[in-house]
Amino acid sequence: MNQTKFVVAGALALLGAVVFSGRLSESAPSATDEASAAVGGTLRIGVDGAEPAYYKVDGVTKGFDYQMARSVAEGMGAEPEFVEMDLNELFPALRAGKIDMIGAQVTKTAEQEREFDFSTPYFVTYVSFLAPKGSPIRTRRDVDGKNIAVVEGTVQKRYLEEQYQDVNIIEAPNADEAVRSMQRGEADAFFYGAPYSESIIRSAPIPLTEPIVYQAEDAPIGFVVREGDERKEQIDGVIEDMVLNGEWMKIKTDYFEAAPLSEVFREKGA
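(A) Structural detail: the sheet that holds strand β11 (residues 212-221). Strand order across the open sheet formed by 5 strands is β9-β8-β10-β7-β11, with mixed pairing between neighbours. Each of the sheet's edge strands pairs with one partner strand only, and the pair in question is β9 (168-172) and β11. Between one strand axis and the next, the sheet turns by 30° as a mean value, whatever way the strands run. With 6 bridges connecting them, strand β7 (residues 123-130) and β11 associate as antiparallel partners. Bridge pairing in β11 places F129 opposite I212.

(B) Geometry of the pairing of strand β8 (residues 147-151). Counting buried positions over the 5 residues of β8 gives 4, a clear majority of the element. Between the parallel pair β8 and β9, the chain is carried across by helix α5 (residues 155-163), and the sense of this crossover is right-handed. Relative to strand β10 (residues 189-193), β8 is paired through 2 bridges, and the arrangement is parallel. Across the sheet, residue A149 finds its bridge partner in β10, namely F190.

Conventions adopted
Residues numbered from 1 in each chain as written. Predicted model: local features only at pLDDT ≥ 70, side-chain atom pairs only at ≥ 80, totals over all residues. Heavy atoms only, no water. Pairing = 2+ DSSP bridges. Helix = DSSP H or I, 4+ residues; strand = E, 2+ residues; numbered from the N terminus. Axes fitted to C-alpha atoms, helices over the stretch in contact; angles between N-to-C directions. Buried < 20%, exposed > 50% of the residue type's maximum accessible area, 1.4 Å probe, protein only. Right-handed = clockwise from strand over helix to strand, strands pointing away.

The structure is reproduced here in structure tokens:
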């Protein structure tokens, strides 16, 4: 398996991945929904099928978020059931009680925290710029005055608006379309979550440069549950235990070996 060497990592207190848009049913979860993830039951985990979060190789499921979510469920005494869906379906599905938890590199934001509960961080957010081969964009400051593609509704769009005042933002419905906007010459670069850069580069219809990667400030990544879900305390406890007993470090090293260890995790004893 390819290691995502250029990305990230570090540890657990900033990242993401992503704030999602979209709407499914707004109905409240039923008693059956709530019982499905009780201890000894099933924990339905919404995931996005993208490397390095959740993917399959020769029929074998792999991924940083997959390994973390499975360990969390097992630590709670529950059987994990992974439900793969598009990014923009995850929060509506959680809201409607179709899943019990999101495990997909989700960055904690104040807006989402008003409606959902986030676990203690299990990773930190790294972001990246991708540009076509031969582009004059070689550092993140080279994007000033350029057209930058982002996926609509993501934390990267908000971060770009806050941190870069001299760029023209071009919204795309998904990562594939953002890359195609560069192919058409409409965008000069694509700003997205760094962990996904390697798989995007491999599948892109045009040659892309090595990603320009850096750590985002104040952007922790966590698992997401419905507001008031009492299992959040269990989830937090399992994550803390994984950091202390070395399991988190092993999973982190499997997928992000080259990434430095965040001070947040050092403080937690990793």
